[in-house]
Amino acid sequence: MRWLFACLSVLLLLGAGEIQGLATELPSEWQALLDAMPAEVEEGMEGLAEATDAQSLGESVSAWLQVENVLRVIGDVLGVGCVKALPLLGSLCTVLVLCALMEQMRYGLGMGAMAGVMSFCSSCAVFAAVLLPLQRHLSSVVHYFEQLLSLMGAMIPVTGAIYVMGGNVGTAGASSAALYAFLGVCQWLCASAVVPVCSAEAGFALIGAVNPHVHMGKLGKAIKRIYIFLMGLVMTVLVFVLGAQTSLSSAADSVAARAAKHLSASMIPTVGGSVGDTLRTVGAGVGYLKQVTGYAGVIGVLLLTLPLLAELLLVRTAFLVSTSVAQVLGCDREAGLLEDMGSVWGNLVGAVAMTSVMFILALVLFVKTAVAMAG
């Protein structure tokens, strides 16, 4: 019997190093995540594709999180956004000046009968200056959601595999199921619904500007409020369900792991303590792997979101400035149209920001979940 205990002790000591090495290796699902990674994320995180274990991935994440690098990324994002927003602001101000000149010319020449026609032309000119950027940004938002959902869809198997490596089997199933449901809701509520909602709001704004007796702009604002409220409600419920399921499953997995350690210490008196130490070592390795992969996912979401979000916010700021310019020039109808169109960009900002924040919260929850083997 002593020889049997001695052999078990030797096997555990020899296997401890190998188990610890496996606990810091990236799971096989990591390659599928790299294949689904958008080009913007790979360019933003140098060395991400070359990472083969937790240490190399951690070095890549740490290099990105340097203060000077973060400030440089923010500066680049704001610079690109300004380059795209300033031409729109210039074109809108030019159109507004022409509209004000037409209005003064109408008063000077006494063309009262032409008031309706000239106002119609002014509103159409402002809307024409907005139409191309709206189409471009709607396409950009749809493409963003496709990339984000692809990235998170590839991230779910990685998180599930790391959960299993750490002994959180129940948490892996609960978290993966909730995240897949989250992806489906985002596909329906954001990627599919944002284009018709924004298009309807823009159409109602144009109708209200062309015919001020038909208050369609208020209907567009009501659609915006309902859409943002519905999206916020659904996202909040999904994050609550994800957090509750993950916490409960993690607690159950921790209890099961502690019971397994106690049973091994009781059944194998000589090497039972070594089994517990080995499991804690594995748990520490998995905990580090979980943190670096989780924060890598957060950085990936930020690299996808920040350029588009900054551009949308700066364009919306351009609409706020042009609305003030229209009011100064006395173009009240055009000012109302620009204000309504700015709310369309507010819809886009809300959809992009809310979805990205919810995915980041899900990844942070993954990082903060306790590893069952480490307990």
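First things first, this report covers the structure right here in the doc. (Residues numbered from 1 in each chain as written. Predicted model: local features only at pLDDT ≥ 70, side-chain atom pairs only at ≥ 80, totals over all residues. Heavy atoms only, no water.)

1. A short note on the environment of C190
Consideration 1: Tracing the sequence through the fold places C190 in helix α7 (residues 169–191).
Consideration 2: The class for C190 is buried, based on a relative accessible area of 0%.
Consideration 3: Separated by 162 residues in the primary sequence, C190 and V352 place their C-alpha atoms 8.2 Å from one another.
Consideration 4: Here C190 is in contact with F145, V185, Y227, M231, M235 and T355, once residues within four sequence places are set aside. (Helix = DSSP H or I, 4+ residues; strand = E, 2+ residues; numbered from the N terminus. Buried < 20%, exposed > 50% of the residue type's maximum accessible area, 1.4 Å probe, protein only. Contact = heavy atoms within 4.5 Å.)

2. What to know about the layout of surface pockets
Consideration 1: The computed volume of the largest pocket comes to approximately 700 Å³.
Consideration 2: E40, G44, V77, L303 and P307 are the residues nearest the centre of the largest pocket, which is lined by 26 residues in total.
Consideration 3: Sorting the residues of the lining of the largest pocket by element identifies α3 (39–44), α4 (54–64), α5 (67–109), α6 (115–165) and α10 (272–329) as the ones contributing at least two each.
Consideration 4: Broken down by element, the lining of the largest pocket gets its largest block of residues, seven residues, from α5. (1 Å grid on protein atoms, 1.4 Å probe; cavity = no way out; pocket = protein on both sides within 12 Å on 5 of 7 lines; lining within 4 Å. Points joined across faces, edges and corners; volume = space filled by probe spheres on them.)

3. Section: empty space enclosed by the protein
Consideration 1: One pass over the structure, following the stated rule, counts two cavities of 30 Å³ or more.
Consideration 2: Considering only enclosed or pocket space, the largest cavity measures out at about 60 Å³ in volume.
Consideration 3: Taken together, W30, L33, M37, L48, L151, M155, T293, A296, G297 and G300 make up the full set of residues lining the largest cavity.
Consideration 4: The leading source of residues in the lining of the largest cavity is α10, at four residues.

4. Quick word on the nonpolar core
General note: in soluble globular proteins, nonpolar side chains tend to be found buried as a group.
Consideration 1: By size, the foremost hydrophobic cluster in this structure holds 96 residues, and its most contacted members are L57, F319, M341 and W345.
Consideration 2: The greatest single-element share of this core, amounting to 19 residues, is contributed by α6.
Consideration 3: When neighbours within four sequence positions are excluded, L57 is seen to be in contact with L26, W30, L48, A51, V292, T293 and A296. (Core = buried A, V, L, I, M, F, W, Y, C linked by side-chain atoms within 4.5 Å.)

5. Some remarks on the packing of helix α8 (residues 194–210) against helix α11 (residues 332–368)
Helix-helix packing is characterised by the crossing angle of the two axes and by the distance between the axes.
Consideration 1: Two elements in contact, α8 and α11, have axes whose closest approach is 9 Å; the angle formed by their N-to-C orientations is 175 degrees. In terms of axis orientation, α8 runs roughly antiparallel to α11. The segment α8 lies against α11, with V194, V197, C198, E201, A202, A205, L206, A209 and V210 engaging R333, L337, D340, M341, S343, V344, N347, L348 and A351.
Consideration 2: Residue composition of the contact of α8 with α11, grouped by class: 13 nonpolar, two polar and three charged. (Axes fitted to C-alpha atoms, helices over the stretch in contact; angles between N-to-C directions. Parallel < 35°, antiparallel > 145°, perpendicular 65-115°, else oblique. Nonpolar A, V, L, I, M, F, W, Y, C, P; charged D, E, K, R; others polar.)

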